[in-house]
Amino acid sequence: MDVVTLGETMMLFTPDNPGPMRYADRFSNRVAGAESNVAIGLARLGFQSGWISRLGDDEFGKKINAFIRGEGVDTSQVILDETADTGLFFKEKLAPGEWRVKYYRQGSAASRLKPGDVDESYIAEANYLHVTGITPALSDSCYETVLTAIDYARAHGVNVVFDPNLRRKLWPDHKARKVLTELVQKADIVLPGIEEAEFLFGNGTPEELARTFREKGASTVILKLGGTGAYYLNNAAEGYAEGFEVPEVVDPVGAGDGFSAGVLSGLLDGLDMKDAVQRGNAVGAMVVMAPGDVEGLPEKDRLVDFITNRNQ
Ligand code: CKP
Ligand code: MG
């Protein structure tokens, strides 16, 4: 595997019409989860990715499993759990540019992930392990599972990539701050958004915040600055990679995961940090131009065209 990831994927329902959900009578139905979005993004770009999770042994679990496998992701490590349901969530468009998310995921099958679900040899053979701050927020056993996966990765020299993906609806701020900081310390590459960085370490310029992440233990920091682009810092390189202009943001959710897939694909292809981050920006931009989390994820030739057209 080039990249192995671990986390919860849910059935997503979006009302077909904007406005509060109490008036909605028709919904579109999609598969969404930050970690599987990254795995799908990488598969679409031609890489081998694997996704570790639990799903309910129910219709939605079967649908999600088939969908992710159909996208070319290895799902051999997914457990169908007969004792718990697949998580659901709803995404309302309240007004142009104003989205609201409501989760129905407490006690879900994925929240029962436990350290014994992770096969050490599966992680040992990967180039990268990708984890996010959503998983440890789901339950104590999920938190332990993330730590175990990271321990396996570190024991076998597998790079750990961490996206804080702060979800304040899932846990209290003080706990989120503590655990996310702990995971920053254990990661090789950290991909925070600027708001997540400020949540963790207070206000500062991108340069200052990136330095703080490095002081906490991450070797490479890539700070996402929305449409403006991203700032990266490690031992060898430092700088800004400019964002891509998009005619319309159709759906912003999933952009961060597309960014992660783009950056990882660049690193796997041996690009330097600036070009890898530029790929992240490009994939993020392509994701926000399509509805859903994964619909906008490009194949390699479309991605290269998109970048070349801008740079000409
Ligand atoms: O940070 P992003 O917008 O890229 O992440 C979106 C995903 O996993 C979304 O698909 C949802 O399922 C989630 O984050 C979540 O649990 O919030
Ligand atoms: Mg994110």
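Reading guide: rules and limits
- Residues numbered from 1 in each chain as written.
- Chains lettered and ligands numbered in written order.
- Predicted model: local features only at pLDDT ≥ 70, side-chain atom pairs only at ≥ 80, totals over all residues.
- Heavy atoms only, no water.
- Near = heavy atom within 4 Å.
- Polar contact = N/O pair within 3.5 Å; in protein donor to acceptor, adjacent residues only side chain to side chain.
- 1 Å grid on protein atoms, 1.4 Å probe; cavity = no way out; pocket = protein on both sides within 12 Å on 5 of 7 lines; lining within 4 Å.
- Sits in = over half its atoms within 2 Å of the grid points.
- Helix = DSSP H or I, 4+ residues; strand = E, 2+ residues; numbered from the N terminus.
- Expected span 1.5 Å × (residues − 1).
- Contact = heavy atoms within 4.5 Å.
- Points joined across faces, edges and corners; volume = space filled by probe spheres on them.
- Salt bridge = Lys/Arg side-chain N within 4 Å of Asp/Glu carboxyl O.
- Buried < 20%, exposed > 50% of the residue type's maximum accessible area, 1.4 Å probe, protein only.
- Pairing = 2+ DSSP bridges.
- pLDDT = per-residue confidence, 0-100.
- Core = buried A, V, L, I, M, F, W, Y, C linked by side-chain atoms within 4.5 Å.
- Phe/Tyr/Trp six-rings, centres within 6.5 Å; stacked < 30°, edge-to-face > 60°.
- Lys NZ or Arg CZ within 6 Å of the ring centre and 35° of its normal.

Around ligand 1 lies a shell of 17 residues, among which Ala34, Tyr103, Arg167, Gly254 and Asp293 are the nearest. Within the contact set of ligand 1, an oxygen atom lies 2.8 Å away from a backbone nitrogen or oxygen of Ala34. Applying the majority rule of atoms within 2 Å of the grid points places ligand 1 in the largest pocket. The dominant element in the shell around ligand 1, judged by the number of residues it contributes, is helix 9 (residues 255–268), at three residues.

Bringing helix 11 (residues 300–311) into the picture now. Spacing of three or four residues puts side chains on the same side of an α-helix, whose turn is 3.6 residues. Taking 1.5 Å per residue, 12 residues should reach 16 Å; helix 11 reaches 17 Å between its end C-alpha atoms and fits that length. Of the surrounding elements, those touching the buried residues of helix 11 are helix 10 (273–288).

Our focus in this paragraph is the layout of surface pockets. Approximately 1600 Å³ is the volume found for the largest pocket. As for the largest pocket, its lining consists of 48 residues, and the residues nearest its centre are Arg167, Pro252, Val253, Ala255 and Gly256. Where the lining of the largest pocket is concerned, the elements lending two or more residues are helix 1 (34–44), strand 8 (98–104), helix 7 (194–201), helix 9 and helix 10. If you tally residues by element for the lining of the largest pocket, the top one is helix 10, at five residues.

Another aspect to go through is the pattern of salt bridges. Inspection of every chain in the model, using the stated rule, returns 15 salt bridges. Among the ionic pairs, Asp163 bridges to Lys224, the shortest N-O distance being 3.6 Å. On the criterion of sequence distance, the pair formed by Asp163 in strand 10 (residues 159–163) and Lys224 in strand 12 (residues 220–224) is long-range, its members being 61 residues apart. When its relative accessible area of 0% is taken as the criterion, Asp163 is described as buried. Assessed through its relative accessible area of 13%, Lys224 is described here as buried. One salt bridge connects Arg168 with Asp173, and the closest N-O pair in it is separated by 2.7 Å. The network of salt bridges with common partners includes Arg54, Asp81, Lys114 and Asp117.

This part is about the pairing of strand 2 (residues 10–15). Of all the six residues making up strand 2, six are buried; the element is thus mostly covered by neighbouring parts of the structure. Pairing between strand 2 and strand 3 (residues 27–32): six bridges, direction antiparallel. Across the sheet, the residue bridging to Met10 is Ala32, located in strand 3. Sheet topology places strand 2 next to strand 7 (residues 88–95); three bridges connect them, and they run parallel. The partner of Leu12 across the bridge, within strand 7, is Phe89.

Right, let's talk about the confidence of the model for the protein chain for a bit. Of the residues in the protein chain, 100% have a pLDDT of 70 or more, and the chain-wide mean is 96. The ipTM assigned to the predicted complex is 0.96, against a pTM of 0.96.

What follows is about the environment of Ala276. Secondary-structure assignment places Ala276 in helix 10. Placed 17 residues apart in sequence, Ala276 and Phe259 show a C-alpha to C-alpha distance of 9.8 Å. Not counting residues within four places of it along the chain, the set of residues in contact with Ala276 comprises Gly262, Val263, Gly266, Leu267 and Leu271.

Within the largest apolar cluster, 45 residues are counted, with the highest numbers of intra-cluster contacts made by Ile222 and Val277. Of all the elements in the fold, those that place two or more residues in this core are strand 2, helix 1, helix 2 (59–70), strand 13 (229–233), helix 9, helix 10 and helix 11. No other element matches the eight residues that helix 10 contributes to this core. Residue contacts for Ile222: discarding those within four places in its chain leaves Ile189, Val190, Leu191, Pro192, Ala230, Tyr231, Tyr232, Phe259, Val263, Met273 and Val277.

Residue position: Arg211 is located in helix 8 (residues 206–216). The class for Arg211 is partly exposed, based on a relative accessible area of 46%. Taking the C-alpha atoms as reference points, Arg211 and Ser139, 72 residues apart in sequence, are found 31 Å from one another.

Let us now look at the packing of aromatic side chains. In the structure shown here, the tally under the stated rule is eight aromatic pairs. Relative to Phe90, the ring of Phe13 has its centre 5.4 Å away and its plane inclined at 25°; by these criteria the two rings are stacked. Here Phe13 is found in strand 2, whereas its partner Phe90 is found in strand 7, with 77 residues between them in sequence. Accessibility expressed as a relative area gives 16% for Phe13, which makes it buried. A ring pair is formed by Phe89 and Tyr103, whose centres lie 5.8 Å apart and whose planes are at 40°; its orientation type is tilted. Of the two residues, Phe89 sits in strand 7 while Tyr103 sits in strand 8, which places them 14 residues apart along the sequence. Here a set of aromatic residues connected by ring pairs shows up, and it is made of Phe13, Phe27, Phe60, Phe90 and Tyr104. Over the aromatic face of Tyr103 sits the side chain of Arg105, whose NZ or CZ is 4.5 Å from the ring centroid. For Arg177, the ring lying beneath its charged end belongs to Phe199, and the centroid distance is 4.2 Å.

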